[in-house]
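Coordinates in review
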Amino acid sequence: MLSFVIIFLGFSPSIHSQSSDASGMQDLKKALNPPSSLGWDDPDPCQWKNVECSKNDNRVNWIQIGNQGLTGSLPDSLSKLNAPQFLELQNNHLTGPLPSLNGFGSLQRALLGYNNFSYIPPDFFAGMNSLQVVSLDYNQFSSWVIPDSIKSAASLSSFSATSTNISGSIPDFFGPDTLPSLTSLHLSFNNLVGGLPASFSGSLIQSLWLNGN
């Protein structure tokens, strides 16, 4: 009598996560058409220049592709990545809307300035609990207001959005009670109105740029 043993193979969450990272990075490559100097030819994005992955699970941690002359738009599928700590795309020629990065809980540094992005979604900062540095300078977004979701970034030390078409007033949460680590706030050359918020009292902000409003 023959007996049959049926083995069910499951996929671990880490394998699925690695697959999502690879898919998201391939979509980013197609969208940006990076120069050959970046060497983004290997099927494994962890082998790409200016991309770094964690050693224990091969999740994409760093994407540092500033100053590469890149064109194109960021794909919505960038949200497939949920472990990046550094996202540095500054000083390129990127266009179109910024995709929502809602849930990038590990992101510490987002350098997106000096591009041609056209729109920043209201929930862009939602869930970014580890965020420390943000630079959006010199992107001509459609008119936007600084969203309340930034309040969740309790470790934020620098927020820079010079000449990004911000309207409305300065929110009353840039003070020490909500953002105790904030030392740099650059909001020059926007369309801000009103006075300074009361929460600035006792602030640790050392560099405050508000000219041109």
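Before reading further, recall that the structure is shown in the block above.
My aim in this report is to walk through the structure given alongside it, one point at a time. (Residues numbered from 1 in each chain as written. Predicted model: local features only at pLDDT ≥ 70, side-chain atom pairs only at ≥ 80, totals over all residues. Heavy atoms only, no water.)

**Details of the packing of aromatic side chains**
Put simply, the test is: A pair of Phe, Tyr and Trp rings is counted when the ring centres sit within 6.5 Å of each other, with Trp represented by its six-membered ring. The angle between the planes then sorts it: under 30 degrees is stacked, over 60 is edge-to-face, the rest tilted. Only DSSP runs of H or I covering at least 4 residues are called helices, and only runs of E covering at least 2 are called strands; the numbering of each starts at the N terminus. Using a 1.4 Å probe on the protein chains alone, a residue whose accessible area is under 20% of its type maximum counts as buried, one over 50% counts as exposed, and one in between counts as partly exposed.
Considering all chains together, one arrives at 8 aromatic pairs under this definition. Each ring, one from Tyr-114 and one from Tyr-138, has its centre 5.1 Å from the other, and the planes form 35°; the classification is tilted. Taken together, the positions of Tyr-114 in the loop between strand E6 (109-111) and strand E7 (116-119) and Tyr-138 in the loop between strand E8 (133-135) and strand E9 (158-160) put the pair 24 residues apart, joining distant regions of the chain. Its relative accessible area of 38% is what places Tyr-138 among the partly exposed residues. Between Phe-125 and Phe-159 the ring centres are 6.1 Å apart and the planes differ by 55°, which places this aromatic pair in the tilted class. Here Phe-125 is found in the loop between E7 and E8, whereas its partner Phe-159 is found in strand E9, with 34 residues between them in sequence. Across the pair, Phe-159 and Phe-125 agree in class, each one buried.

**With respect to the environment of Pro-97**
Structurally, the position occupied by Pro-97 is in strand E5 (residues 93-97). Among the residues examined, Pro-97 registers a relative accessible area of 43% and is labelled partly exposed. Along the backbone, Pro-97 and Phe-117 are 20 residues apart, and their C-alpha atoms lie at a distance of 5.6 Å.

**Notes on the pattern of salt bridges**
Heads up, the condition is: We define a salt bridge as a side-chain nitrogen of Lys or Arg found within 4 Å of a carboxyl oxygen belonging to Asp or Glu.
Enumeration over the complete set of coordinates arrives at 3 salt bridges. Among the ionic pairs, Arg-59 bridges to Asp-21, the shortest N-O distance being 2.7 Å. Taken together, the residues span a long stretch of sequence, with Arg-59 in the loop between strand E1 (51-53) and strand E2 (60-64) and Asp-21 in helix H1 (residues 13-32) at a distance of 38 residues. Considered together, Arg-59 and Asp-21 belong to a single accessibility category, that of buried residues. Two residues, Lys-80 and Asp-27, come together in a salt bridge whose shortest N-O distance is 3.7 Å. Of the two residues, Lys-80 is situated in the loop between strand E3 (71-73) and strand E4 (86-88) and Asp-27 in helix H1; the sequence distance between them amounts to 53 residues. Take Lys-80: its relative accessible area is 36%, and that puts it in the partly exposed class.

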